[in-house]
Amino acid sequence: MAKTKNSRRRQYEIVLSMEDMRTFETQKQNILDNFRCLYAKHDNDYYNKDVYDENDVLIHQDGDKKYLHTHFFIDMDNAKTISAVAKIVKCKESDIEYIKSYKGAQGYLIHHNLKDKYNYPKEIVQHNNEKLYKEFLKVVSDDEDEDDKVIPLIEYINNFEGILYFAVFLRYVYTTRQWSVYRRNSSTFIKLIDEHNFQFNRYGVTP
């Protein structure tokens, strides 16, 4: 069924700006008082493409840091329209989005497993409902085998163009929240980086 303005849902994602803290705190309290929710402040997000307004004027460039904001995942017993939720929260309807995937929306609170975005630690997520929070923890629980965990870092090394400085690699490990994986397999990664750089220095190509 097509989603229209009058479609009713039990879950929504809400993204609220924190530029005006008085307004934000009022909106946040309205959410806490009326819905079960999970929420997380994002302070390290960047635009990954140019953004234009309705008049085709460039307002954000690729790479610009996004304004401070908080993502909310809300859940309710009785389905409501976006306009009804906006009236309760006292926010714009454009601040509210339909949820395509229940688990995906919960994971997005910390950019779980999103390689092109900063991965936030699960500890930043706050809530007003213990059951909902336990669902979130289950969604983001790290249940991969060790082999599956090291593959992304190996691929990063192999696909890196040019000399891979160790500091650059560590920055990538840190920003993608894979420090524990690196620590358990550090000798392997160091050898792979050395081999990668040797091949480039000697042949001008990487393996």
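### Details of the overall build of the protein
Piece 1. If you tally the helices and strands in the protein, you get eight helices and seven strands.
Piece 2. Relative to the compact-globule value of 17 Å for 207 residues, the protein shows a C-alpha radius of gyration of 21 Å, a clear excess of over 25%.
Piece 3. Viewed in the frame of its principal axes, the protein has a C-alpha envelope of about 65 × 45 × 40 Å.
Piece 4. Every one of the 207 residues in the protein was classed for burial, and the buried ones make up 36%.

### Some thoughts on the packing of aromatic side chains
Piece 1. Overall, the coordinates contain 14 aromatic pairs when judged by the stated rule.
Piece 2. With 3.8 Å between their ring centres and 5 degrees between their planes, Tyr156 and Tyr172 make a pair best called stacked. Taken together, the positions of Tyr156 in helix 5 (residues 146–159) and Tyr172 in helix 6 (residues 166–175) put the pair 16 residues apart, joining distant regions of the chain. With respect to burial, Tyr156 and Tyr172 carry one shared label: buried.
Piece 3. An angle of 65 degrees between the planes, with centres 6.1 Å apart, marks the rings of Phe169 and Tyr182 as edge-to-face. Linking Phe169 in helix 6 with Tyr182 in helix 7 (residues 179–184), this pair joins segments that are 13 residues apart in sequence.
Piece 4. Of the aromatic side chains, those joined through ring pairs into one cluster are Tyr156, Phe160, Phe166, Phe169, Tyr172, Trp179, Tyr182 and Phe189.

### Overview of unusual backbone geometry
Piece 1. One non-glycine residue, Asp56, lies in positive phi territory at about 65 degrees.
Piece 2. Of the residues examined, Asp56 reaches a relative accessible area of 64% and is grouped as exposed.
Piece 3. One non-glycine residue, His111, lies in the positive phi region at around 60 degrees.
Piece 4. Here His111 is to be found in the loop between helix 3 (102–108) and strand 7 (126–127).
Piece 5. Relative accessible area serves as the criterion here: at 1%, His111 is assigned to the buried category.

### Remarks on the environment of Leu58
Piece 1. Residue placement: Leu58 occurs in strand 4 (residues 58–60).
Piece 2. Taking C-alpha positions, Leu58 is 42 Å from Gln199, a pair spaced 141 residues apart along the chain.
Piece 3. Once residues within four sequence positions are removed from consideration, Leu58 is found in contact with Asp50, Val51 and Tyr52.

### Quick look at the pairing of strand 2 (residues 36–42)
Piece 1. Within strand 2, five of the seven residues are buried, leaving the element largely enclosed by the surrounding structure.
Piece 2. As defined by bridge partners, strand 2 adjoins strand 5 (residues 69–80) across seven bridges and the pair is classed as antiparallel. Paired with Leu38 across the strands is Phe73, a residue of strand 5.

### As for the sheet that holds strand 5
Neighbouring strands of a sheet are bound in pairs by backbone hydrogen bonds; such pairs are parallel or else antiparallel.
Piece 1. Overall, antiparallel pairing links the five strands, which are arranged 6-1-5-2-7 in an open sheet. Of all the strands in the sheet, just strand 6 (96–98) and strand 7 have a single pairing partner and so form its edges.
Piece 2. Examined bridge by bridge, strand 1 (residues 9–17) and strand 5 share eight bridges and lie antiparallel to one another. For Val15, the partnering residue across the bridge sits in strand 5 and is His71.
Piece 3. Helix 4 (residues 130–140) contacts strand 2, strand 5 and strand 7 of the sheet and is inclined by roughly 55 degrees relative to strand 2.

Thresholds applied
- Residues numbered from 1 in each chain as written.
- Predicted model: local features only at pLDDT ≥ 70, side-chain atom pairs only at ≥ 80, totals over all residues.
- Heavy atoms only, no water.
- Helix = DSSP H or I, 4+ residues; strand = E, 2+ residues; numbered from the N terminus.
- Rg over C-alpha atoms; globule rule 2.2 N^0.38 Å.
- Buried < 20%, exposed > 50% of the residue type's maximum accessible area, 1.4 Å probe, protein only.
- Phe/Tyr/Trp six-rings, centres within 6.5 Å; stacked < 30°, edge-to-face > 60°.
- Contact = heavy atoms within 4.5 Å.
- Pairing = 2+ DSSP bridges.
- Axes fitted to C-alpha atoms, helices over the stretch in contact; angles between N-to-C directions.

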